[in-house]
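# Examining the three-dimensional arrangement
Chain by chain, the residues:
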Amino acid sequence: MTNGIFFGTITVLLGTITSLLSFVLLPFCKPTEDFVMRCHYTSITDGFVGIAIALVGIAYLLLPKAQKALSFVVIGLGVLTSLVPTVIVGVCSHPHMHCHSISSPVLQLIGIAIALFGVANIAFLASRNIESENFTNEIYNA
C-alpha cells in the first residue's frame, strides 16, 4: 500500500512539474501576429501531457487494482514528453534560441525520468507479485 501512495504522489508531482515547466518556467517563443513558432505548440502539448501524467498519478492512488496498467501509461506519457520537443512537434531550429538550447533538453530529461520511474515501479510490482505467489504456494503446499 505504501508503494501505491509513494508512486502515485511522485507521479502527481512529476506531472505538475512538467506542466509548470512547459507553461510557466521554461523559455518558449511567444506567438506573434504574423506566425506561431513550433516551440509554442511544444509548450502547450507538453503542458497538457504533464496534466495527463498528474491525472494518472491521482488514478493510481484511487484505483489500486489498476496500478500495473497505470504504470505502463506513465511510461508511455514519459516517452511522449521526451518525443514532443524532438520528433513530434519540435522546437526552433536555431541552436542559439532558448527553446532549442534549454527547454528541449529539460523536457527530454524529465520525460526520460518519468518513463524510468514507471519502469522501476513495474519492476517493483512484479517482484512483489512473485513474492506473494511464492508465499501463496508455500501455504497451499504445507
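Before any of the text, the structure's been laid out above.
Throughout what follows, the structure given in this document is the object of discussion. Position numbers for residues count from 1 along each chain, tracking the sequence in the order it is written. For a predicted model such as this one, the threshold for reporting local features is a pLDDT of at least 70, and the threshold for listing and counting side-chain atom pairs is 80 or more; totals across whole chains, interfaces and linings nevertheless cover every residue. The basis for every side-chain value is the complete set of heavy atoms in the structure, and neither hydrogens nor water enter the calculation.

Now for the packing of aromatic side chains. Pairing of aromatic rings covers Phe, Tyr and Trp, the last counted by its six-membered ring, and requires centre-to-centre distances within 6.5 Å; plane angles under 30 degrees mean stacked, over 60 mean edge-to-face, and any other angle means tilted. Tallied over the entire structure, the rule returns four aromatic pairs. Ring geometry for Phe6 and Phe117: centres 6.1 Å apart, planes at 65 degrees, overall edge-to-face. Remark: Phe117 occurs in helix 4 (residues 98-141) and Phe6 occurs in helix 1 (residues 2-25); sequence separation between them is 111 residues. Looking at Phe6, the relative accessible area reads 49%, which means it is partly exposed. Exposed residues in this analysis have more than 50% of their type's maximum accessible area, buried residues have under 20%, and partly exposed residues fall in between, with area computed by a 1.4 Å probe over protein chains only. By relative accessible area, Phe117 is classed as buried at 18%. With a centroid separation of 4.8 Å and an interplanar angle of 15 degrees, the aromatic rings of Phe7 and Phe117 are classed as stacked. By definition, any uninterrupted DSSP run of H or I lasting at least four residues is a helix, any uninterrupted run of E lasting at least two residues is a strand, and each is numbered from the N terminus.

Next up on the list: helix 3 (residues 67-88). Each residue is assigned a bend, namely the angle between axes fitted to the seven residues that terminate at it and the seven residues that start at it. Residue Ser82 marks the point of greatest curvature in helix 3, where the axis turns by about 40 degrees; the proline Pro85 follows within four residues. Every buried residue of helix 3 is listed here: Gln67, Leu70, Ser71, Val74, Ile75, Leu77, Gly78, Thr81, Ser82, Val84 and Pro85. One or two positions beyond helix 3, positive phi appears at Gly90, with a value near 95 degrees.

A few words on the nonpolar core. Judged by nonpolar contacts, the single largest core of 23 residues is most densely connected at Phe28, Cys39, Cys99 and Ile114. Residue contacts are counted whenever heavy atoms from the two residues lie within 4.5 Å of one another. For Ile114, the residues in contact, after removing those within four places along its chain, are Leu14, Thr18, Ile53, Val74 and Gly78. Buried Ala, Val, Leu, Ile, Met, Phe, Trp, Tyr and Cys residues that are joined via side-chain atoms within 4.5 Å together make up what is termed a nonpolar core.

In this description, the term disulfide denotes a pair of cysteine sulfurs within 2.5 Å. Tallied over the full model, the rule gives zero disulfides. Summary of cysteine pairing: Cys29 is not part of a disulfide, and the nearest cysteine sulfur, belonging to Cys39, is at 3.4 Å. Free of any disulfide, Cys99 has its nearest neighbouring cysteine sulfur in Cys92, separated by 3.3 Å. Residue classification places Cys99 among the buried positions, given a relative accessible area of 1%.

Remember that the coordinates give geometry; whether it matters functionally is a separate question.
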